[in-house]
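Examination of the molecular architecture
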Amino acid sequence: MVVDSRPDLRGVNACERLTEADIPCSYVYINSATYVMKDQVTKVLLSADALLANGYVLGSVGTAMLALIAHKYNKPVIVCCETYKFSERVQTDSILFNELADPKDMLTTKTGAASPLSTDPAQRKVNLVNLVYDATPPTLVSIVITEIAELPCSSAPVILRRDGERRC
Amino acid sequence: MIPYDTKFQELSSRLKLASGTSRTSVASGCDLFVRFITLRSKSLEEDVWDSKNFDNLKNHLVERGKHFMKRLSGSRKSIAQLAYPFIMDGVTVLTTSMSRVVMEILAKAHEKCKKFKVLVTISEPDKRGHRMVKELRSRDITAMPILDSSIGFVMERVDFVLVGAEGVVENGGLINYIGTYPVAVMARSLNKPFYVAVESFKFYRMYPLRQTDLPNESKYLSEDEAEHPVVDYTPPQYINKLFTDLGVLTPSAVSDELMKLYI
């Protein structure tokens, strides 16, 4: 089951690749994540953009939400992350440090018509915020699978320490 | 090296088959034994490994094996030494099934003249809790057997829970005789500390996400899957501390120790 979200809709690509590999897949928007999680899902597989030193997982926006819903329904959350993505940074939320993508991407509509929000920027009273990342706390993640080991989320600093020792 | 490897595997599987309910601890012990004796330490002289002299190498392996066994046999004593201060005067300790490590800790505390009471769950189906009570009473420790179903009833007057282990997995979770998981959940629900006393050779390279992830050989004694399982898995969030011969650890430190050994 591929969960997708606007505006990037990268899940479509994931679905195409899965069907090419003859893997049956379903496609939902993140709005219906709670609905499918209860009965139709047994495990949640997520990827990460970074794993921080305090165990927080930095993933594309929506990751934290899926992890939270999965945790509520007692489904294991598996994060796949290569060790080069392990970072020494510490972050407890996704507000303090994040990236903003082009807000105009949020203005696309299904029918192709102009969105009611797409007026001249100077007159726009609504702030469009297109966040890129969000932070998932380590308590919501069951296991992190890297190329060298499977570890609990809280053990991210161990890998960093190991790599630090080897470089010295 | 190939024939040597298969010989060890053959011996390990024979041990596992013969060990009954302690299959997990035997499995982890064997893995660690093989790992330990073949470990190349930097302080070792180069000519032992590089020379064509097989006897030298063989002696080295035997020496390492003896060292490993010496450490193993001393581990229960060192755990008792670390853990007995946690048993203060007037406490009520809850434990499950029969654990020699827990016995050693309680005996040490008693030796140091602490006054405490022990409640032991009977631990169906083989009722091994009765053996624990008998052993404790023979050492003059106040012990009482309780029904597995009455842990909800007694938990409010328990000060902490102390159990042994068949194995500890990579995320710090516990594999122990069936019935341990409900005790852990009950303890967490009533905010009672849950401690595990375990030797470090029982750290196993396995990462279960649910009860069904445990291998069938650990869970069932025979091929018949309709039989009741003999072990269950307690996730790390229910465990407060682990008393090991490597020190008093939190569940997250277990993966650290395992990585030191294997990676």
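This text follows the structure it describes.
Thresholds, definitions, all that
Residues numbered from 1 in each chain as written. Chains lettered and ligands numbered in written order. Predicted model: local features only at pLDDT ≥ 70, side-chain atom pairs only at ≥ 80, totals over all residues. Heavy atoms only, no water. Helix = DSSP H or I, 4+ residues; strand = E, 2+ residues; numbered from the N terminus. Expected span 1.5 Å × (residues − 1). Bend = angle between axes of the 7 residues up to and from the residue. Buried < 20%, exposed > 50% of the residue type's maximum accessible area, 1.4 Å probe, protein only. Contact = heavy atoms within 4.5 Å. Buried area = accessible area lost by both parts, 1.4 Å probe. Salt bridge = Lys/Arg side-chain N within 4 Å of Asp/Glu carboxyl O. Polar contact = N/O pair within 3.5 Å; in protein donor to acceptor, adjacent residues only side chain to side chain.

1. Quick word on helix α4 (residues 54-83) of chain B
Residue and element names in this part refer to chain B. Along its 30 residues, α4 runs 43 Å from first to last C-alpha, staying within 8% of the 44 Å computed at 1.5 Å per residue. Most pronounced at S75, the bend in α4 amounts to some 40°. Those residues of α4 that fall on the buried side of the exposure criterion are L57, H60, R64, G65, F68, S75, I79, A80 and A83.

2. Regarding unusual backbone geometry
In this model, A:R6 is joined to A:P7 through a cis peptide bond whose omega is -5°. The residue A:P7 is located in the loop between β1 (2-4) and α1 (11-20) in this model. Note that the residue after B:E124, namely B:P125, is joined by a cis bond; omega there is 0°. Note on placement: B:P125 falls in the loop between β2 (116-121) and α6 (129-138). Notably, B:C113 is not glycine yet its phi reads approximately 60°, a positive angle. For B:C113, the location among the structural elements is in the loop between α5 (100-111) and β2.

3. Topic: the interface of chain A and chain B
Across the contact, 19 residues belong to chain A and 12 residues belong to chain B. Buried surface at the junction of chain A and chain B, summed over both partners, amounts to about 1,200 Å²; 60% is from carbon and sulfur atoms. Together, A:E150, A:P152 and A:V158 form the three largest contributors to the area buried by chain A at its contact with chain B, with a combined 30%. Linking chain A with chain B are one salt bridge. A salt bridge links A:R161 to B:D256, with the nearest nitrogen and oxygen atoms 3.0 Å apart. If you look at where chain A meets chain B, you find four residue pairs in polar contact (both at pLDDT 80 or more). Mapped onto the side of chain A that touches chain B, the elements with two or more residues apiece are β9 (150-151) and α4 (156-167) of chain A.

In short, geometric facts, not functional conclusions.
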